[in-house]
Amino acid sequence: MRSWWSSQTRAHTSQQSVIRQSRIALWPENCSTRASPPSDCMKRTWRAAQSGGDSSRVSVASRMPTTRTSRTATVEVVAGRRSAKIAGRKGKSDALRAKLFARSGKKIVMLVKAGGPDPVTNAALELAIRQAKEAGVPRDIVDRNLKRASDSKQADYTEIWYEAYGPGGTGFIIQCLTDNLNRSASDIKSTITKAGCKVAEPGSVLFNFTRCGSVVVEGADEDALLEACMEAGGEDVVPVPEDEDGTPSTACVVFTAVEAYGSASAKLKELGFKVNTEESELVYRANAPVEVDDDAFHKCEALIEKLLELDDVDAVYTNADGHHV
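Here, residues in each chain are numbered from 1, in the same order as that chain's written sequence. Local features in a predicted model are, by the rule used here, given only for residues with pLDDT of at least 70; side-chain atom pairs are given and counted only at 80 or more, and totals for whole chains, interfaces and linings are based on all residues. The basis for the side-chain values is all heavy atoms of the structure; hydrogens and waters are excluded.

### Structural notes on the overall build of the protein chain
The numbering of helices and of strands both runs from the N terminus, where a helix is a DSSP run of H or I of at least 4 residues and a strand a run of E of at least 2. When helices and strands are counted, the protein chain shows 10 helices and eight strands. Burial classes: relative accessible area under 20% of the type maximum marks a residue as buried, over 50% as exposed, and values in between as partly exposed (1.4 Å probe, protein chains only). Here the protein chain, with 325 residues, has 34% of them falling under the buried criterion. The contact criterion used is simple: two residues touch if any of their non-hydrogen atoms lie within 4.5 Å. Sequence-distant contacts in the protein chain: of pairs separated by 6 or more residues, those separated by 24 or more amount to 68%. When the accessible surface of the protein chain is split by element, carbon and sulfur atoms take 53% of a total near 19,700 Å². In these tables, accessible area is a Shrake-Rupley quantity obtained with a 1.4 Å probe, and a residue counts as shielded only by the protein chains included in the view.

### Notes on the sheet that holds strand E5 (residues 236-239)
Spatially, the four strands line up as an open sheet ordered E5-E6-E4-E7, and their pairing is antiparallel. Looking at strand neighbours, the two that pair on one side only are E5 and strand E7 (274-286), the edges of this open sheet. Strand-to-strand twist in this sheet, taken as the mean axis angle between neighbours without regard to direction, amounts to 30°. Alignment of strand E4 (residues 209-218) against E7, held across nine bridges, turns out to be antiparallel. By the bridge assignment, Gly 213 is partnered in E7 with Leu 282. Two strands form a pair only when DSSP identifies at least two bridges running between them. Lines fitted to the C-alpha atoms define the axes, with helices restricted to the stretch that makes contact. Angles between their N-to-C directions range from 0 to 180 degrees.

### Section: the pairing of strand E8 (residues 313-318)
Buried residues dominate E8, accounting for six of its six residues. For strand E2 (residues 171-178) and E8, the ladder comprises five bridges, and the chain directions are antiparallel. When the bridges of E8 are listed, Cys 176 appears paired with Val 313.

### Regarding the confidence of the model for the protein chain
Each residue carries a pLDDT score, the predictor's own confidence in it, on a scale running from 0 to 100. Per-residue confidence for the protein chain averages 78 on the pLDDT scale, and 70% of its residues sit at or above 70. Below pLDDT 50 for its whole length, residues 1-12 participates in zero contacts with residues either more than four positions away or in separate chains. Segment residues 21-36 is flagged for pLDDT under 50; beyond a separation of four residues in sequence, or across chains, it makes 30 contacts in the model.

### Let's talk about the side chain of Thr 178
Looking at the element boundaries, Thr 178 is found in strand E2. Classification of Thr 178 as buried rests on a relative accessible area of 1%. Definition of a polar contact: a pair of N or O atoms within 3.5 Å, with one able to donate and the other able to accept a hydrogen when the atoms are protein atoms, and with sequence-neighbouring residues admitted only if both atoms are side-chain atoms. Within polar-contact distance, the side chain of Thr 178 engages the backbone nitrogen of Asn 180 at 2.9 Å. Polar side-chain contacts of Thr 178 include one of 3.3 Å to the side chain of Asp 312.

### Concerning the packing of helix H5 (residues 123-134) against helix H6 (residues 139-149)
Contact geometry of H5 with H6 gives a least axis separation of 10 Å together with a crossing angle of 155°. On the basis of the axis angle, H5 is roughly antiparallel to H6. Along this stretch, H5 crosses H6, giving a crossing that reads as right-handed. Side by side, H5 and H6 meet where Leu 125, Ile 129 and Ala 132 of the first sit next to Arg 139, Val 142 and Leu 146 of the second. By the definition adopted for this analysis, an angle is roughly parallel if under 35 degrees, roughly antiparallel if over 145, roughly perpendicular if from 65 to 115, and oblique otherwise. Helix crossings fall into two classes, left-handed where the near helix is turned counterclockwise from the far one by less than a right angle and right-handed where it is turned clockwise.

### A word on helix H9 (residues 261-270)
Since the α-helix packs 3.6 residues into each turn, any two residues three or four apart lie on the same face. Every buried residue belonging to H9 is among Tyr 261, Ala 264, Ser 265 and Leu 268, and all of these are buried. Viewed along the axis of H9, the buried residues span an arc of 100°, placing them on a single side of the element. If you follow the buried residues of H9, they end up packed against E4, helix H8 (222-232), strand E6 (251-256) and E7. One or two steps after H9, the chain reaches Gly 272, where phi turns positive at roughly 95°. Directions are taken from the helix axis to each C-beta atom, and the arc is the one they span.

Okay, structure coming up:
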């Protein structure tokens, strides 16, 4: 009698255990979505157990609730991608801004070492400080570098250029301002080699570029800017291409001769145009841009980003068609 009762008890306990396990497996928290209410899950399991069927044989289809597409989820995904692109653009803008501040500081140190700390007697230093102010460099950064330049332990900075052959027959010019030539040469050559490119001999790439002024003007009508460009002493007006995600740009670049860069920028401001002083500078402009396929273009962009991550590198120029100077 006891044996029969024990066997019935074990069978009942086993059946209840299976039902509990099935309930846990079908509970919405353990499913991929919450489309079906808990009662539906429990009812399906209970019917399977009461009908004498083995709950472990309940079909996968009956155990998985119906998936419903959420419009909110779709909007969140789109918003997430857009936020990521905005964050990416902001990150690049912040990196370029940091490069600008660092380059201004190093240039001030170099000019102080060459001609003294007094802007009244050092015309080149006075010009560098004025340009830094126009570019939005904080005053404390300027003062800090003026003080640092007077320190006898501070090494002098040297301006140097490196040249390289890039993907798809493109050429690169890497502009540096460094206090350690051996370090900068090692870092730059290593970065170029790892990218599958080749370091070029001095002058073998440079002849493909022209040194000129680049004045970035925001939100201007191209025809009106072209007319003002002629009055300001500019040579050419080029619209800034759209962003990599297809967002159109409202900016244009006014190219000038090196000697006319400062006066042209000042004249455009006088005529009421919004000049972006942070992005305006002397650049190397390609004489004949080289057309490359998408793969080579992305490799060029990747190499530029890697080079700009180096502390000694201030600017990188390429003649790849489509790259904004």
